[in-house]
Amino acid sequence: MTESSAAAARQWAGNPSEEVNLRDFLDLLVSGRRTIGGVTAIVFVLTLAYVATSRPTFEARGSLQAEAPLTDAGAFSEAQATLGVASAGKSTSAQMQLLSSKRVLDPVIEDMSLDVNVRPDYFPLFGEYIARGFKPESAGDIADAWPGFSRWAWGGEKLEIDSMVVRAKELGTTYTLVAREGGSFDVTDRWGTVLASGRQGQEVKSAATGLSLVVKTLKARPGTHFSLSKQPRGEVIDDLRSRLVVDELGIKSGVIGITFRSDDPEEAEAFVNALMASFIEDNRVRQVSVTNDIQIGRAHV
């Protein structure tokens, strides 16, 4: 700090009401240019890192009409009450809770393989940001790899798992799938040991680990790495519930609104549709079950 800028600083500290000379103020900025430049550079780098690593969130929405209670007429209602048979009808509040219940979520998880975590391996820090910016000229295009970095995904890659079975102790273990020519692939452990090899659409098994895998879709350059793991069902349900919002649209409207958040817009839309289908099917099964119970109750009465 120059002598004049130091004097200006002392003057301002001792008597802030007095004006500081513009020249002295500029001296302060010049003397602290390294500190200011360093802080600015750090903030800029952190901002770039956040933009590169943060993932956009998409929302899908749907709505359902709450089912009307199943009613029974005359003496049959008395018989139902005497026998303690519950009505198939549910209040809107109860049906909202049912939408996030395990028995409604389980079929969705199975149909969409949501307990299988699949992710392309991106170059650290900014690789995913580059991949998101890839614009294919035609359907099925895959981004060229940077020279010397062919194991990383750079945009357009896709891996869909039809089914994955592991031993209970292997839940949460991450495996690596390495794409090969013509839809074939290798599955390796974290040390790079090949556990099994196969092709898209065929069941692949590893006797050593108990892994069984069927790949539905594999679109990637040969050598591209993907990480995949089978997650415990309880953790999957907790994660889905944390991203799912169920509420009533309007006061006593009986219309249930569903909102689901995901970093994949296609997954978000598919989940909402699958959840509504599972809920409707569950209602149908429950109504049939209650109707059967009522017929048994009527016969005994």
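It should be noted that the structure appears before, not after, this text.
Residues numbered from 1 in each chain as written. Predicted model: local features only at pLDDT ≥ 70, side-chain atom pairs only at ≥ 80, totals over all residues. Heavy atoms only, no water.

Participant: Looking at this structure, I do not really get a nonpolar patch on the surface. What am I missing?
Facilitator: On the surface, Leu22, Phe25, Leu26, Leu29 and Ile36 cluster together to form a nonpolar patch covering roughly 470 Å² of accessible area. When residues in the nonpolar patch are grouped by element, the largest group, four residues, is from helix H2 (residues 22-31). Mapped onto the elements of the fold, phenylalanine 25 is located in helix H2. For phenylalanine 25, a relative accessible area of 42% translates into the label partly exposed. (Patch = residues over 30% accessible without salt bridge, like charges linked within 9 Å, V, L, I, M, F, W, Y side chains within 5 Å. Areas by Shrake-Rupley, 256 points an atom, 1.4 Å probe, with all protein chains shown as cover. Salt bridge = Lys/Arg side-chain N within 4 Å of Asp/Glu carboxyl O. Helix = DSSP H or I, 4+ residues; strand = E, 2+ residues; numbered from the N terminus. Buried < 20%, exposed > 50% of the residue type's maximum accessible area, 1.4 Å probe, protein only.)

Participant: Can you help me understand the packing of aromatic side chains in this one?
Facilitator: Any aromatic ring pair is given by two values, namely how distant the centres are and how the planes are angled relative to each other. According to the stated counting rule, one finds seven aromatic pairs in the structure shown. For the pair phenylalanine 123 and phenylalanine 126, a centre-to-centre distance of 5.2 Å together with 45° between the ring planes defines the contact as tilted. A relative accessible area of 22% places phenylalanine 123 in the partly exposed class. What makes phenylalanine 126 partly exposed here is its relative accessible area of 29%. Plain terms: the ring middles of phenylalanine 123 and tryptophan 154 are 6.0 Å apart, the flat faces sit at 25° to each other, and that makes the pair stacked. Note that phenylalanine 123 is positioned in the loop between strand S2 (116-120) and helix H7 (127-132) and tryptophan 154 in the loop between H7 and strand S3 (158-165), a separation of 31 residues in sequence. One aromatic cluster is present, formed by Phe123, Phe126, Trp146, Phe149, Trp152 and Trp154 through successive ring pairs. Its guanidinium or amino end placed over the ring of tryptophan 152, arginine 151 lies 4.4 Å from that ring's centre, counting from NZ or CZ. (Phe/Tyr/Trp six-rings, centres within 6.5 Å; stacked < 30°, edge-to-face > 60°. Lys NZ or Arg CZ within 6 Å of the ring centre and 35° of its normal.)

Participant: Whenever I open this one, the side chain of lysine 230 confuses me. Can you help?
Facilitator: Along the polypeptide, lysine 230 turns up in strand S9 (residues 225-230). According to the relative accessible area criterion, lysine 230 is buried, its value standing at 17%. In terms of polar contacts, lysine 230 uses its side chain to reach the backbone carbonyl oxygen of methionine 164, at 2.8 Å. If we ignore the near neighbours within four places in the chain, the residues touching lysine 230 are Asp115, Val116, Met164, Val166, Leu171, Gly172 and Thr173. (Polar contact = N/O pair within 3.5 Å; in protein donor to acceptor, adjacent residues only side chain to side chain. Contact = heavy atoms within 4.5 Å.)

Participant: So what exactly am I meant to see when it comes to the nonpolar core here?
Facilitator: General note: in soluble globular proteins, nonpolar side chains tend to be found buried as a group. Counting 26 residues, the largest nonpolar core has Leu99, Ile258, Phe271 and Leu275 as its most contacted members. If you list the elements that add at least two residues to this core, you get strand S1 (58-65), helix H5 (92-99), helix H6 (102-112), helix H8 (233-243), strand S10 (244-248), strand S11 (255-262) and helix H9 (265-300). Here the element with the most residues in this core is H9; it accounts for seven residues. Leave out the neighbours within four places in its chain, and leucine 275 touches Leu99, Val104, Leu105, Val108, Leu244 and Ile258. Residues Met164, Ala179, Val187 and Ala196 belong to the second largest nonpolar core, which totals 20 residues. (Core = buried A, V, L, I, M, F, W, Y, C linked by side-chain atoms within 4.5 Å.)

Participant: Please explain the packing of H6 against H8 as it appears in this structure.
Facilitator: Two quantities define a packed helix pair, namely the angle between the helix axes and the distance between the axes. Between H6 and H8, the shortest axis-to-axis distance is 11 Å and the interhelical angle comes to 105°. Classed by the angle they form, the pair H6 and H8 counts as roughly perpendicular. Contacts from Lys102, Leu105, Asp106, Ile109 and Glu110 of H6 reach H8 at Arg233, Val236, Ile237, Leu240 and Arg241. A per-class count over the contact of H6 with H8 returns five nonpolar, no polar and five charged. (Axes fitted to C-alpha atoms, helices over the stretch in contact; angles between N-to-C directions. Parallel < 35°, antiparallel > 145°, perpendicular 65-115°, else oblique. Nonpolar A, V, L, I, M, F, W, Y, C, P; charged D, E, K, R; others polar.)

Participant: Whenever I open this one, the sheet that holds S10 confuses me. Can you help?
Facilitator: By way of backbone hydrogen bonds, the strands of a sheet pair with one another, either parallel or antiparallel. Read from one edge to the other, the open sheet built from three strands follows the order S1-S11-S10, with strand pairing classed as antiparallel. Only two strands of the sheet have a single partner each, and these edge strands are S1 and S10. Across the sheet, the axes of successive neighbouring strands diverge by a mean angle of 20°, strand direction being ignored. Relative to S11, H8 is tilted by about 110°, and along the sheet it contacts S10 and S11. (Pairing = 2+ DSSP bridges.)

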